Each structure stands twice: as structure tokens, then as C-alpha cells.
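Read off the chains here:
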Amino acid sequence: MVHLSPGIGVKSEDHVIMTVTASVATEHLDVLIVGAGVSGIGAAYHLQAAHPGKRYVILEARGDLGGTWDLFRYPGIRSDSDLHTFGYAFKPWTADEAIADGDAIRDYIRETATENGIDSHIRYGYRVQRAEWSSADARWTVEAEHDGETVVVTTQWLFCASGYYRYDQGYTPELPGLDRFAGQVIHPQHWPEDLDYAGKRVVVIGSGATAVTLVPALAPEAEHVTMLQRSPSYVLPVPAEDRLANRLRGLLGEHRAYPIIRRKNIFLQRALFVLSQRFPKLVRRLIRAVNAKQLEGSGCDVDVHFNPTYDPWDQRLCAVPDADLFRTLRAGAASVVTDRIDTFTETGIRLLSGRELAADIVVTATGLNILGFGGIAFVVDGVPVSLPDTIAYKAMMLSGLPNYVYAIGYTNASWTLKVDLVCEYFCRLIGHVDLHGYDACVPVAPEGGMQRRPLLDFKAGYVLRALDVLPKQGTEAPWTVPMSYTQDARALRTDSLEDDAMRFFAAEPLGSGADQIEGELVLR
């Protein structure tokens, strides 16, 4: 076993690579951040700003920063939220396009890391596998795999910014006869850099954000692109540029305009969600009318191919910038088929209706595999933690896990809106612990039990498939997972850090007092 030596590195291919040295003493940090995506870089910024003296390291399993925006490289990859709200609150988004492509988003994250010196704290190629908490020492001992070695670091605080899905494996359902197909089968999560689809017949299986992005991106070069969906999704055209935002930036300047633009877009996001929840039939009719107008003369039947069985915002709406999907369908370069797969053949796909789709390339835009909390195995005072037995506290901590914070964004709004709030609260929590002479804090679920619900009240397939391995939420605050920026902003920015659910404590090594029993935490 080797030990991590934070802050010591060498440049290699423009990345800072961790130097690992055999050592008797394990290096100790104030904060360890897991993941160098949009959440991890945001957490580092807030930590530096609020607590500049804290020693921290970011461990990133992959070879570069950016998370999702570095992993996904399929044609057309873009955000499905506007970047004025998906961007950080502290760093204005300055590009003309509000719906940005993956390269632009990755550059924005990299620029944030570089200009704030965060990049020097990132260690690439470290996959965190295990974290064990000791109440006697009030610290986590974290094990990560790097180049086949187990690397160890201890830390007072552990911040998980690893997202919610597996990076090494996308979800592909059972596809009958797939081994018979003579063409290429590709999952968007693992898009080959050298894929030649020019002049090819491409079938994209799926109806979500990835599928509606791929179809217009592939169509200009492919012979024809078919979007094969088992059931439709809600698809709504949005302007690629926010003209009002661009005007305000010209009038007020970037830093004055940015907060105004964010508030405007937060309001619009929330208004659409609330309207959809309260008046689903009305919103369904409105979206259908927009779709019908966009598809006039295309021959595409709106009532078949754009008529979901669920209500608006039961799953996330698919945004298409400047109606690119609809323009592609009107032009005849792509088509939509709503049916189920009977079997793959050597030359394509036979559907249950008997129709056959010829294909040279099949893209399985069929979703993600959830990997909650980085797949880390947690142990507290020698007892392994079962995540489904824990309860989310303020949608950012878990019952029974001391000094552990995670960042998971909204399902009905921009991800980073929630991450910014979580990071602000995290920094308040660190300050409170330091100010009052504590070493740690832990949410403790109420005695006598509490009714529990799924962590995410969201009907997307990737969420439903993983509910049994995720923590739960309760029915009353602070044990709920609200999907409301306004509600969270009040609770996480202004509510007292001390409540009936949170316990603060100082480390007391074995033998130093009555508060430790065989190394286990006894809360005061």
C-alpha cells in the first residue's frame, strides 16, 4: 500500500500527475473532493473563497477534468439547460449561445479551474473505492486505486462530486438477435473518434435528450437517420441564443447583467415546471400545438411520434435549440419510427409491426446506469454502511455519515443551481464546526422511524432501475429532497445550521472520556 502526497506533482501531457511515495505517515487533508467535473470544480472554488487556509485535493478517476462534458464526445453533444443557470453563479457565461455544445462547456469548466488555481489541486487517475470514518479521530481514511496500487489519504471532510451514473458503462437493454447484426453498434457514452457515418444508414434507438441531439447532428452526412423509439418524449424547441441576455450584457456589462439573466431564467424554468404539474393537460396541448406547427408538411404524425403517455415533467423535457430536430425531419434527412424491436437481422432491425429498418450503424441512445455516490464503499466506526438504509438530509448529506457532503443537482432545472447552494452550505458548515471547537457533525434520523420515500421522485428509466440501491428521503424537512431552487435557497442560505437532526461533536480518542464506547460515536 502507498500513501498520497498532496501538492507534489509533475507535469505530464498538460496534467498534474500525483507523485505517490511509500511513507509511514498517511497524508492528512482538511477536505477531499471526489470528482473534477462541474460540481467538483465548483466545490473547490467555494472552499477556496470561504476558507482559503484549508488544504484540499480533488481526486479524479479519469485523465482530465470536465466530468460528463469530457466523457461524452458524440456528435452534437450539448447542454439541455441554458448556460446562464447551468453556469456557476460566480462566473458569468459570456458566449452568445445559451444552449452550448460540449466543447464550450468543457472549456468553461477548465477556464474556471485554471484562473482560480484549482487545476493544481487535481490528481488524475485516482478512483476512490473505500472511505472509513473513525469517530475517535474525527476523520475519514480514504482508499483510491491508482495504476494498480492502493493509495491512502485521510481527511476531515469528504465531498462527493462524482455525479450519479457509471462512466465506464452505459445502459443497453436486452436487444434480441443483436449478435446477428453485421453492422456497427455504438453507445453514445463510448463514441469512437474515428467513426465514419458518411453515406451510411443510421438508426438511433431512443427518444431522450441524447437521441434528439444525435439525429440532427448525424443527418447532414448520413444517408438517412431514423430515430426508433418505443415511446415518445416531450420535445420543445428553444432559441439557441438568449437575445435578451445578449442585449443586457451589451448594456450593463457581463457581471451586472449575469445575475439578472439568471433570475429571469430560474423564474422561467420554475414557471414551466409548476404549470406542467398543475395543468398537465393544458401544457400537453400547448406542446403538441408547437410540435404540429414545426412538423407541417413533414409527413410526421404528431399524434403518434410526439404524444407521450406520461404528463409533462414527469420526465425531463427534451430541449432542441432552434428547432434543429424538427428542421431535419421536415427536410426528409431523418424520420421517426415508434414501434418495438422484434429482433435484429444481419442488415438491420425487424419491428413487431413487421416493418424492417435497414441499418449500417445502430446507436443505442438507451440511457445511463446509476452509480450512486461514486460507488464508494462506506464504513463508519467499523460498520459497513448500506446506502438504502440511510436518509438524505437537506438533499446533501446522509444520516449516519459524519462530515460527508454530496452534490446532486435538480432533475427539473439546471444541475449547477443546486450545486452552488450545496457548496455554500458546506462552507458554512465547516466554519461553524471550526468556530465552536467541534471536529465533526452528523445528521441523525429521528427515533421511532419515519416514513421513507424514494430519493428521487422522477420517472426516468435510469432512476427507476436504481431506486433499490439509493438512499431514501423522508416526508418532512430536513429529510426531504425538494426540487425547488427557491425553497433550497432559503433553507441552505439562511436556516440555522443547528437543528434537531444535526449533531456536532469533537473527537475524543479512546480512553479520553465517556463519550466513546469501543471506538463508536455516542452523540451528545
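Details of the structure are given in the entry above.
Worth saying up front: this structure is predicted, and the values here are computed from it rather than measured. (Residues numbered from 1 in each chain as written. Predicted model: local features only at pLDDT ≥ 70, side-chain atom pairs only at ≥ 80, totals over all residues. Heavy atoms only, no water.)

Looking at a negative patch on the surface
Then comes step 1: A surface patch of negative charge is lined by Glu97, Asp101, Asp107, Glu241 and Asp322.
Then comes step 2: Tracing the backbone shows aspartate 107 in helix H4 (residues 102–115). (Patch = residues over 30% accessible without salt bridge, like charges linked within 9 Å, V, L, I, M, F, W, Y side chains within 5 Å. Areas by Shrake-Rupley, 256 points an atom, 1.4 Å probe, with all protein chains shown as cover. Salt bridge = Lys/Arg side-chain N within 4 Å of Asp/Glu carboxyl O. Lys, Arg positive; Asp, Glu negative; His and termini not counted. Charge placed at Lys NZ, Arg CZ, Asp CG, Glu CD. Helix = DSSP H or I, 4+ residues; strand = E, 2+ residues; numbered from the N terminus.)

Some details on the nonpolar core
Then comes step 1: By size, the foremost hydrophobic cluster in this structure holds 136 residues, and its most contacted members are Trp140, Phe159, Val204, Phe306, Phe378 and Tyr404.
Then comes step 2: Formed by 12 residues, the second largest nonpolar core is a distinct cluster that contains Phe181, Ile205, Phe344 and Leu351. (Core = buried A, V, L, I, M, F, W, Y, C linked by side-chain atoms within 4.5 Å. Buried < 20%, exposed > 50% of the residue type's maximum accessible area, 1.4 Å probe, protein only.)

Regarding the sheet that holds strand S14 (residues 334–338)
Then comes step 1: Strand order in the open sheet formed by 5 strands is S9-S18-S10-S11-S14, and the pairing between neighbours is parallel. Each edge of the sheet is formed by a strand with only one pairing partner; in this case those strands are strand S9 (184–186) and S14. Direction aside, neighbouring strands of the sheet carry axes that sit 20° apart on average.
Then comes step 2: As paired strands, strand S11 (residues 224–229) and S14 are joined by 5 bridges and run parallel to one another. Along S14, the bridge assignment pairs leucine 228 with valine 337. (Pairing = 2+ DSSP bridges. Axes fitted to C-alpha atoms, helices over the stretch in contact; angles between N-to-C directions.)

Quick word on a nonpolar patch on the surface
Then comes step 1: Nonpolar side chains collect at one region of the surface, where Leu275, Phe279, Leu282 and Leu286 lie side by side and expose about 330 Å² of accessible area between them.
Then comes step 2: Residue position: leucine 282 is located in helix H8 (residues 280–294).
Then comes step 3: Owing to a relative accessible area of 33%, leucine 282 belongs among the partly exposed residues under this scheme.

A closer look at the sheet that holds strand S16 (residues 348–351)
Then comes step 1: What the 3 strands build is an open sheet, ordered S15-S16-S17; its pairing is antiparallel. Each edge of the open sheet is held by one strand with a lone partner, namely strand S15 (341–344) and strand S17 (356–358). Ignoring which end each strand starts from, the neighbouring axes of this sheet average 20° apart.
Then comes step 2: Pairing of S16 with S17 involves 3 bridges; the strand directions are antiparallel. Of the residues in S17, the one forming a bridge with arginine 350 is glutamate 356.

With respect to the packing of aromatic side chains
How two aromatic rings sit relative to each other is set out by the distance from centre to centre and by the angle between their planes.
Then comes step 1: Inspection of every chain in the model, using the stated rule, returns 23 aromatic pairs.
Then comes step 2: Considering the side-chain rings of tyrosine 164 and tyrosine 165, the 5.6 Å spacing of their centres and the 70° angle between planes classify their relative orientation as edge-to-face.
Then comes step 3: Here the aromatic rings of phenylalanine 273 and tryptophan 313 are separated by 5.9 Å at their centres, their planes lie at 75°, and the arrangement is edge-to-face. Of this pair, phenylalanine 273 sits in helix H7 (residues 254–278) while tryptophan 313 sits in the loop between helix H9 (302–305) and strand S13 (318–321), and the two are 40 residues apart along the sequence. (Phe/Tyr/Trp six-rings, centres within 6.5 Å; stacked < 30°, edge-to-face > 60°.)

A look at the pattern of salt bridges
Then comes step 1: What the rule picks out here adds up to 20 salt bridges.
Then comes step 2: Across the salt bridge formed by aspartate 70 and arginine 62, the nearest N and O atoms sit 2.4 Å from each other.
Then comes step 3: Arginine 110 is paired through a salt bridge with aspartate 64; the nearest N and O atoms lie 2.9 Å apart. Of this pair, arginine 110 sits in helix H4 while aspartate 64 sits in the loop between strand S4 (56–60) and helix H2 (68–71), placing them 46 residues apart in sequence.

Remarks on the environment of aspartate 70
Then comes step 1: Looking at the element boundaries, aspartate 70 is found in helix H2.
Then comes step 2: A C-alpha to C-alpha distance of 27 Å links aspartate 70 and tyrosine 234, two positions 164 residues apart in sequence.
Then comes step 3: Within the local environment of aspartate 70, its side chain forms a polar contact with the side chain of arginine 62, the two groups lying 2.4 Å apart. (Polar contact = N/O pair within 3.5 Å; in protein donor to acceptor, adjacent residues only side chain to side chain.)

Re the environment of glycine 183
Then comes step 1: On the secondary structure map, glycine 183 appears in the loop between strand S8 (149–160) and S9.
Then comes step 2: Taking the C-alpha atoms as reference, glycine 183 lies 10.0 Å from valine 202; in sequence the two are 19 residues apart.
Then comes step 3: Excluding its chain neighbours within four sequence positions, the residues that come into contact with glycine 183 are Glu346 and Asp360. (Contact = heavy atoms within 4.5 Å.)

Concerning the packing of helix H6 (residues 243–252) against H7
Axes are the key here: two packed helices are described by the angle between their axes and the distance separating the axes.
Then comes step 1: For the pair H6 and H7, interaxial distance at closest approach is 7 Å and the crossing angle is 150°. Relative to H7, H6 is oriented roughly antiparallel. Here H6 and H7 pass one another in a crossing that is right-handed. Taking contact as the criterion, the partners of Leu244, Ala245, Leu248, Arg249 and Leu252 in H6 are, on H7, Glu254, Arg256, Ala257, Ile260, Ile261 and Lys264.
Then comes step 2: For the contact of H6 with H7, the class distribution of residues is 7 nonpolar, no polar and 4 charged. (Parallel < 35°, antiparallel > 145°, perpendicular 65-115°, else oblique. Left-handed = near helix turned anticlockwise from the far one by under 90°. Nonpolar A, V, L, I, M, F, W, Y, C, P; charged D, E, K, R; others polar.)

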